[in-house]
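Below are the chains, spelled out letter by letter.
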Amino acid sequence: MTDDGFTPVDLGRGLTLPNPVGLASGTAGYGFELDQLIDINRLGALYTKGTTVRAREGNPPPRVAETGGGMLNSIGLQNPGVDAVAAGYAPRWRGWAIPIIVNVAGGSIDDYVHCATVLEPVAEVAGIELNISCPNIAQGLDFGRDPLAAGRLVAAVRRVTERCVIVKLSPNVTDIAAVARAVEDAGADAVSAVNTYIGRKIHRASGRSVLPLGTGGLSGPAIQPLALAAVAAVCDAVHIPVIGVGGIIDAASARDFLIVGACAVQVGTATFVNPETALQVLDGLRG
């Protein structure tokens, strides 16, 4: 039991979270801006923005659109590249109490392996979250849709790292449990579920899609029941830890994921509305 009254969450391979509440990838950057607004070190983990082999400028604007009960995003994985994260960002995490889990993405197995290899010797990196399910880049869904492809990817990453490997699952599949079982069999230590759902919004005056690429990733409270059903299915299918993600806005919506079997949660879109949401969820779960 920690000083905060939580049982530490063991995700495997030495990665133990001090409490179950983390910040979801893509919603807190690399932590530096949010650290100026809240006591980020009280939280259980920071899952960083998606990181790729080379720097990416991301998609053309507009990149976000408000929807009923949520938002669409089409950021396109804007990031400085894995070398900049390892050499420039990681030293800034030195001394932070919060475990830093770097989310990595790519269009090929080699991309993921390269990122994992670069991050392996970086002491400030507590674990790796494999983004096999980003709906906003070319090829981003290929691995997340196919259990065999997902398994091959995880097996290749597993061969080059001793870090805890978490796989972020796509909800945009026919059978999410099958993908979860495949990555577990391939050596994943944990899974996080789910990433955003594919959605579209029309600008009614022009009749065109609001987002330049047409579709984007839907997040926010509108997806919480959908994400909850997916997480329940994953928890029933695997024996490794499951981290619940999707539409959490308060302790009650977070607790739903814990009830169906998740061992931890990630707070995402709600942070844009109120940067303190994750801390409020943490305090609510303690109560």
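On a predicted model such as this, the values are computed, not experimentally measured, just so you know. (Residues numbered from 1 in each chain as written. Predicted model: local features only at pLDDT ≥ 70, side-chain atom pairs only at ≥ 80, totals over all residues. Heavy atoms only, no water.)

Student: Looking at this structure, I do not really get the packing of helix α6 (residues 176–186) against helix α7 (residues 224–237). What am I missing?
Tutor: The geometry of a pair of packed helices is captured by two quantities: the angle between their axes and the separation between those axes. Packing of α6 against α7 brings their axes to within 9 Å, and their N-to-C directions diverge by 40°. By the angle between their axes, α6 is oblique relative to α7. Along this stretch, α6 crosses α7, giving a crossing that reads as right-handed. In this structure, α6 contributes Ile-176, Ala-177, Ala-180, Arg-181 and Glu-184 to the contact, and α7 contributes Ala-230, Ala-233, Val-234 and Ala-237. (Axes fitted to C-alpha atoms, helices over the stretch in contact; angles between N-to-C directions. Helix = DSSP H or I, 4+ residues; strand = E, 2+ residues; numbered from the N terminus. Parallel < 35°, antiparallel > 145°, perpendicular 65-115°, else oblique. Left-handed = near helix turned anticlockwise from the far one by under 90°. Contact = heavy atoms within 4.5 Å.)

Student: Can you help me understand unusual backbone geometry in this one?
Tutor: Backbone phi values are negative for most residues with the exception of glycine, while trans is the configuration of most peptide bonds. That bond from Pro-61 to Pro-62 is cis: its omega, -5°, falls within 30 degrees of zero. When you line up the elements, Pro-62 lands in the loop between β4 (45–47) and β5 (64–67). A cis amide bond, omega 10°, links Ala-193 with the succeeding residue Val-194. Following the sequence through the fold, Val-194 ends up in the loop between β10 (190–193) and β11 (197–200).

Student: I would appreciate a short explanation of the pairing of strand β16 (residues 264–267) in the present structure.
Tutor: Residues in a regular strand point their side chains to alternate faces of the sheet. Judged by which residues are buried, β16 turns out to be covered on both faces: Ala-264 and Gln-266 on one side and Val-265 and Val-267 on the other are all buried. Where strand β3 (residues 21–23) meets β16, three bridges bridge the pair, whose relative direction is parallel. By the bridge assignment, Val-21 is partnered in β16 with Val-265. For strand β15 (residues 242–245) and β16, the ladder comprises three bridges, and the chain directions are parallel. For Ile-243, the partnering residue across the bridge sits in β16 and is Ala-264. (Buried < 20%, exposed > 50% of the residue type's maximum accessible area, 1.4 Å probe, protein only. Pairing = 2+ DSSP bridges.)

Student: Before we go on, may I ask you to explain the pattern of salt bridges in this structure?
Tutor: Oppositely charged side chains can form a pair if their charged atoms are brought close together. The full count for this structure, using the stated rule, is seven salt bridges. Between Arg-42 and Asp-283 there is a salt bridge whose closest N-O contact spans 2.5 Å. Of this pair, Arg-42 sits in the loop between α1 (32–35) and β4 while Asp-283 sits in helix α10 (residues 277–286), and the two are 241 residues apart along the sequence. In this structure, Arg-163 and Glu-120 form a salt bridge, with 4.0 Å as the shortest nitrogen-oxygen distance. (Salt bridge = Lys/Arg side-chain N within 4 Å of Asp/Glu carboxyl O.)

Student: Would you mind showing me how to read the sheet that holds strand β14 (residues 215–219) here?
Tutor: To summarise the sheet geometry, strands pair through backbone hydrogen bonds and adopt either a parallel or an antiparallel arrangement. Taken in spatial order, the four strands of this open sheet run β5-β6-β14-β11, and their pairing is antiparallel. The open sheet has two free edges, formed respectively by β5 and β11, since each of these has just one partner strand. The mean inter-strand angle of the sheet, taken between neighbouring strand axes irrespective of direction, is 40°. Both strand β6 (residues 70–73) and β14 contribute to a ladder of three bridges, which runs antiparallel. Along β14, the bridge assignment pairs Asn-73 with Gly-217.

Student: When you look at the nonpolar core in this model, what are you seeing that I'm missing?
Tutor: The nonpolar side chains of soluble globular proteins are, as a tendency, buried together. If you look at the biggest cluster of nonpolar residues, it comprises 80 residues, and the most contacted ones within it are Trp-93, Leu-130, Ile-132, Val-167 and Leu-169. Considering each element in turn, this core owes the most residues, seven residues, to α7. Once you skip the residues sitting within four places of it in the chain, Trp-93 turns out to touch Tyr-30, Phe-32, Thr-48, Val-85, Ile-100, Val-102, Glu-124 and Val-125. Grouped together as the second largest cluster of nonpolar side chains are twelve residues, Leu-17, Ala-45, Ile-243 and Ala-264 included. (Core = buried A, V, L, I, M, F, W, Y, C linked by side-chain atoms within 4.5 Å.)

Student: Can you help me understand the pairing of strand β9 (residues 164–168) in this one?
Tutor: The buried fraction of β9 amounts to five of the five residues, a majority that puts the element mostly inside the structure. By the alternation rule, side chains of β9 split into Cys-164, Ile-166 and Lys-168 and Val-165 and Val-167, which are all buried. Two strands pair when backbone bridges link them, and strand β8 (residues 127–131) and β9 are joined in this way by five bridges, in the parallel orientation. When the sheet's bridge partners are listed, Asn-131 is paired in β9 with Lys-168. The pairing of β9 with β10 spans three bridges and is parallel. Residue pairing across strands places Val-167 opposite Val-191, the latter belonging to β10. The parallel pair β9 and β10, bridged by α6, forms a crossover whose chirality is right-handed. (Right-handed = clockwise from strand over helix to strand, strands pointing away.)

Student: Just to check I follow, could you spell out the environment of Gly-69 for this structure?
Tutor: Relative to the assigned elements, Gly-69 resides in the loop between β5 and β6. When the C-alpha positions of Gly-69 and Leu-218 are compared, they lie 9.8 Å apart, and in sequence the two are 149 residues distant. If we ignore the near neighbours within four places in the chain, the residues touching Gly-69 are Ser-219, Gly-220, Pro-221 and Ala-222.

Student: When you look at the packing of aromatic side chains in this model, what are you seeing that I'm missing?
Tutor: Given two aromatic rings, their pairing is described by the distance between the two centres and the angle made by the two planes. Under the defined criterion, the tally for this structure stands at five aromatic pairs. With centroids separated by 4.8 Å and ring planes inclined at 65°, the aromatic side chains of Tyr-30 and Tyr-89 adopt a geometry described as edge-to-face. Of this pair, Tyr-30 sits in the loop between β3 and α1 while Tyr-89 sits in helix α2 (residues 82–93); the two residues are 59 residues apart in sequence, bridging distant segments of the chain. Arranged with centres 5.8 Å apart and planes meeting at 85°, the rings of Tyr-112 and Phe-143 form a pair that is edge-to-face. Here the residue Tyr-112 occupies a position in helix α3 (residues 109–119), and Phe-143 occupies one in helix α4 (residues 142–145), the gap between them amounting to 31 residues. Of the two residues examined, Tyr-112 and Phe-143, each falls in the buried class. An aromatic cluster of at least three residues, connected via ring pairs, comprises Tyr-30, Phe-32, Tyr-89, Trp-93 and Trp-96. A cation over a ring is seen here: Arg-92 above Phe-32, with NZ or CZ 3.7 Å from the ring centre. (Phe/Tyr/Trp six-rings, centres within 6.5 Å; stacked < 30°, edge-to-face > 60°. Lys NZ or Arg CZ within 6 Å of the ring centre and 35° of its normal.)

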